[in-house]
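Inside the fold
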Amino acid sequence: MPRGDKDKYTDKQKRKAEHIEKSYEAKGVSKDESEARAWATVNKQSGGGERKGGSGHKTSETAKKKARKSSGKRAAATRKGGAAVESATGRHDQVRTHGAGTQASHRGALDHAQR
């Protein structure tokens, strides 16, 4: 199967990509870029082509479902910002510091994180 072949995509995935592509073109994005963005979106949402056969790389339906669910949570959290992003990504326990990275700034960040 040549690179870029869309045979392994379902009709629904193809329709979705076409719809996304048209919406990008309506916004003034070039035809090639619109197509690339559309298929990237379909791949991210569904985990790639869902028809049987292909590359030998097997992603179970449960793994695809889990990936779509976590992707959706991250996207929604990004729109909300702040603590929602931390809870969706599971990164609330990491301390982020800015600046020169001195010991004093680390202490301040830790104190702030514990409040």
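It should be emphasised that the depicted structure is a prediction, and the values quoted were computed from it without experimental measurement.

The subject of this paragraph is the overall build of the chain. Scanning the chain from N- to C-terminus turns up 5 helices and 0 strands. Listing every helix and strand of the chain by position from the N terminus yields α-α-α-α-α. Across the 115 residues that make up the chain, the buried fraction comes to 14%. Working note: accessible area of the chain is about 9100 Å², and carbon and sulfur atoms make up 49% of it.

For the coordinates displayed, the defined rule picks out 4 salt bridges. When the shortest N-O distance is used, the salt bridge between lysine 22 and glutamate 18 registers 3.4 Å. Separated by 4 residues within a single helix, lysine 22 and glutamate 18 lie in helix α1 (residues 11–26), roughly one turn from each other. Residue classification places lysine 22 among the exposed residues on the basis of a relative accessible area of 52%. A relative accessible area of 43% means that glutamate 18 is categorised as partly exposed. Residue lysine 31 pairs with glutamate 25 through a salt bridge whose shortest N-O separation is 3.7 Å. Given the relative accessible area of 52%, lysine 31 is considered exposed. Members of the salt-bridge network, linked through shared partners, are Glu21, Glu25 and Lys31.

Membership of the largest hydrophobic core is limited to 6 residues, which are Tyr9, Ala17, Ile20, Ala38, Trp39 and Val42. For this core, the secondary-structure elements that each account for two or more residues are α1 and α2 (31–46). Among the elements that make up this core, the one with the highest residue count is α2 (3 residues). Excluding its chain neighbours within four sequence positions, the residues that come into contact with isoleucine 20 are Ala38, Thr41 and Val42.

On to the packing of aromatic side chains, then. The full count for this structure, using the stated rule, is 1 aromatic pair. One residue, lysine 6, lies across the ring of tryptophan 39, its end atom 4.6 Å from the ring centre. Over the ring of tyrosine 24 we find arginine 37; its NZ or CZ atom is 5.1 Å from the centre of that ring.

For the rest of this paragraph, the subject is the side chain of glutamine 13. By the element assignment, glutamine 13 lies in helix α1. Judged by its relative accessible area of 6%, glutamine 13 falls in the buried class. Of the polar contacts made by the side chain of glutamine 13, one reaches the side chain of serine 46; its length is 2.8 Å. The residues touching glutamine 13, leaving out its near neighbours within four places in the chain, are Lys8, Trp39, Val42, Ser46, Gly48, Gly49 and Glu50.

What counts, and at which threshold
- Residues numbered from 1 in each chain as written.
- Predicted model: local features only at pLDDT ≥ 70, side-chain atom pairs only at ≥ 80, totals over all residues.
- Heavy atoms only, no water.
- Helix = DSSP H or I, 4+ residues; strand = E, 2+ residues; numbered from the N terminus.
- Buried < 20%, exposed > 50% of the residue type's maximum accessible area, 1.4 Å probe, protein only.
- Areas by Shrake-Rupley, 256 points an atom, 1.4 Å probe, with all protein chains shown as cover.
- Salt bridge = Lys/Arg side-chain N within 4 Å of Asp/Glu carboxyl O.
- Core = buried A, V, L, I, M, F, W, Y, C linked by side-chain atoms within 4.5 Å.
- Contact = heavy atoms within 4.5 Å.
- Phe/Tyr/Trp six-rings, centres within 6.5 Å; stacked < 30°, edge-to-face > 60°.
- Lys NZ or Arg CZ within 6 Å of the ring centre and 35° of its normal.
- Polar contact = N/O pair within 3.5 Å; in protein donor to acceptor, adjacent residues only side chain to side chain.

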